[in-house]
Amino acid sequence: MTTALSSNGFLWGASTSAHQIEGGNTNNDFWRLENALPPETEERSGDACDSYHRWREDLDIVASLGLNSYRFSLEWSRIMPTPDHVSRAALGHYRRIIEGCHARGLTPVVTLHHFTNPLWFADRGGWRNAANIGAFEQYVRAASTILADVSWVCTINEPNMLALLDPAASDDDPSPETVLTYDPVITDVAIAAHRSAVSIIRSETDAQVGWTIANQNYQSAPGAEGAAEAWSGPREDVFIAAGEGDDFIGVQAYTRTVVEHERPVPLAAGVERTLTGWEYYPAAAAEAAVHTAKLLPRTPILVTENGIATDDDDRRIEYTRESLRALAAVASAGVDLRGYLHWSLLDNYEWGSYRPRFGLVEVDPQTFERTVKPSGVWLGGVAASGGASL
Ligand code: BGC
């Protein structure tokens, strides 16, 4: 049976990011933040899943599940530990992962920047300083030397979260207001850096290039019509619109956010929440894909992240099944969907804590032993059937 998800080349994969799985990323700003906060408020990433050494095992698992794609990110602080040194050893490491994907029949989806910055970049004002765009361009040029046979490149992961969660800002003022406030300077700098990275990747590689957005599915509360559009404009839509002309856009959605009177409405008591505290809302990815297609009707969509933080793996399967059914429906209705990459392959470091478990695969924190969960086997089966088994 053919489905909207069974086209040739449809990507069925799992996603990760460097800082969340590699371990030992001591030279970036998130490591510094984790280690500056009191231990009772924050878990440290530490050795994470030790994927810097165990990446072969990770790729073996992705392939053995029957998925055909793996999304991972390059750690800028390893490739450029100082502003004027490009580490050939670090590039070699990531090159081997790309080759490891090809050798296992996996299509690599490579993210260049997933939240973390080298310390030297952060100390120069990071994404708040337009003069730093040149440093990012230098990094993108260095990275492009290992991407010749990569077909999908994401420049910056969730630039809209970057503009909301600037570590320097939350350090000064950790109030909830800070998290709700977007930084227009970071917005402009990130968009300019993205446009420049797209040009570099296009001139140096054959990859399809785009960026990936944190889609919050803003919805207006009853009686507050227009509230969602006003809220979403600077926090999300400006970043989607900046992807105009790219080869694809990454949709990353987990839940929805209802807005009224210029603020999100707190969740009502009794609403099912996941381990991150978010509403259980499996329509998220499909609704985000529809919203994205409305703003960028000519741009193919990859769902580069979607998943659920839970200890109940049956609930993970249920969430993902409902999510994929909804995605199949919107794809049948015309949304140009090219792939689905589940967040996440592994139970990994969730930016301050290991408690929210998003993985298709469990990782023992002491031994790093990987154990595939039923959801991993289930998703592989769905992939093998091209979505027909949904
Ligand atoms: C990020 C991931 C994160 C996930 C779940 C996305 O915002 O790209 O790094 O782990 O959502 O919170």
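Rules used in this analysis
- Residue numbers restart at each chain and count upward from 1, following the sequence in its written direction.
- Whole-chain, interface and lining totals are the exception, using all residues; otherwise, since this is a predicted model, local features are given only for residues with pLDDT of at least 70 and side-chain atom pairs are given and counted only at 80 or more.
- Where side-chain values are given, they derive from all heavy atoms of the structure, hydrogens and water being excluded.
- Here a residue is considered near a molecule or strand provided that any single heavy atom belonging to it is located within 4 Å of it.
- For this analysis, a polar contact is any N or O atom pair within 3.5 Å, provided that within protein one partner can donate a hydrogen and the other can accept it, and provided that sequence-adjacent residues contribute only side-chain to side-chain pairs.
- For every accessible area listed, the method is Shrake-Rupley and the probe measures 1.4 Å; residues are considered covered only by the protein chains on display.
- Nonpolar residues are Ala, Val, Leu, Ile, Met, Phe, Trp, Tyr, Cys and Pro. Charged residues are Asp, Glu, Lys and Arg, and all others, Gly as well, are polar.
- We call two strands paired when DSSP finds no fewer than two bridges between them.
- Numbered from the N terminus, helices here are DSSP runs of H or I no shorter than four residues, and strands are runs of E no shorter than two.
- In this description, contact between two residues means that some pair of their heavy atoms is separated by no more than 4.5 Å.
- Lines fitted to C-alpha atoms define the axes, with helix axes restricted to the stretch in contact, and inter-axis angles between N-to-C directions lie between 0 and 180 degrees.
- For this classification, under 35 degrees means roughly parallel, over 145 means roughly antiparallel, 65 to 115 means roughly perpendicular, and everything else is oblique.
- By this rule the span expected of a helix is its residue count minus one, scaled by 1.5 Å.
- Between buried and exposed lies partly exposed: a residue is buried under 20% and exposed over 50% of the maximum accessible area for its type, with that area taken using a 1.4 Å probe on protein chains only.
- Two kinds of site are reported from a 1 Å grid over the protein atoms alone, namely cavities, where a 1.4 Å probe fits but cannot get out, and pockets, open sets with protein on both sides within 12 Å along at least five of seven lines, and residues are called lining when an atom falls within 4 Å of a point.
- Grid points are joined across faces, edges and corners, and a volume is the space filled by probe spheres set on the points.

### What about the site of the ligand?
- In the vicinity of the ligand there are 13 residues, among which Gln20, His114, Glu158, Glu305 and Glu350 approach most closely.
- In this structure, Tyr254 approaches the ligand through a side-chain N or O atom, which is 3.4 Å from an oxygen atom.
- When the ligand is considered free in solution it has 310 Å² of accessible area, and contact with the protein chains removes 93% of it.
- By residue class, the composition of the shell around the ligand is six nonpolar, four polar and three charged.

### Description of the sheet that holds strand S8 (residues 257–260)
- Pairing is mixed in the open sheet, where three strands are placed in the order S6-S8-S9. Bordering the open sheet on either side are strand S6 (218–220) and strand S9 (263–264), each of which pairs with just one other strand.
- As judged from the three bridges shared by S6 and S8, these two strands associate in the parallel manner. Bridge pairing in S8 places Tyr218 opposite Thr257.
- Packed on one face of the sheet, helix H12 (residues 227–241) meets S6, S8 and S9 and runs near 160 degrees to S6.

### Some details on the packing of helix H3 (residues 51–65) against helix H5 (residues 88–103)
- H5 packs onto H3 with a crossing angle of 10 degrees between their chain directions and a minimal axis gap of 10 Å. Here H5 runs roughly parallel to H3, going by the angle between their axes. In contact with Tyr52, Trp55 and Leu59 of H3, H5 contributes Ala90, His93, Tyr94, Arg96, Ile97, Gly100 and Cys101.
- Its residues assigned to classes, the contact of H3 with H5 comprises seven nonpolar, two polar and one charged.

### What about the side chain of Ser344?
- Within the secondary structure, Ser344 is located in the loop between strand S11 (337–343) and strand S12 (361–363).
- In terms of polar contacts, Ser344 uses its side chain to reach the side chain of Asn348, at 2.9 Å.

### Thoughts on helix H13 (residues 284–295)
- The first and last C-alpha atoms of H13 sit 17 Å apart over twelve residues, in line with the 16 Å expected at 1.5 Å per residue.
- Among all positions of H13, only Ala284, Ala285, Ala286, Ala288, Ala289 and Thr292 are buried.
- In this fold, the buried residues of H13 make contact with strand S5 (208–215), H12, strand S7 (249–253), strand S10 (301–305) and helix H14 (313–332).

### Observations regarding empty space enclosed by the protein
- According to the stated counting rule, one finds three cavities of 30 Å³ or more in the structure shown.
- The calculated volume of the largest cavity comes to roughly 90 Å³.
- Lining the largest cavity are 14 residues, and of these Ile21, Ser51, Trp55, Tyr70 and Ile97 lie nearest its centre.
- Looking at which element gives the most residues to the lining of the largest cavity, the answer is H3, with five residues.
- For the lining of the largest cavity, the residue count by class is nine nonpolar, three polar and two charged.

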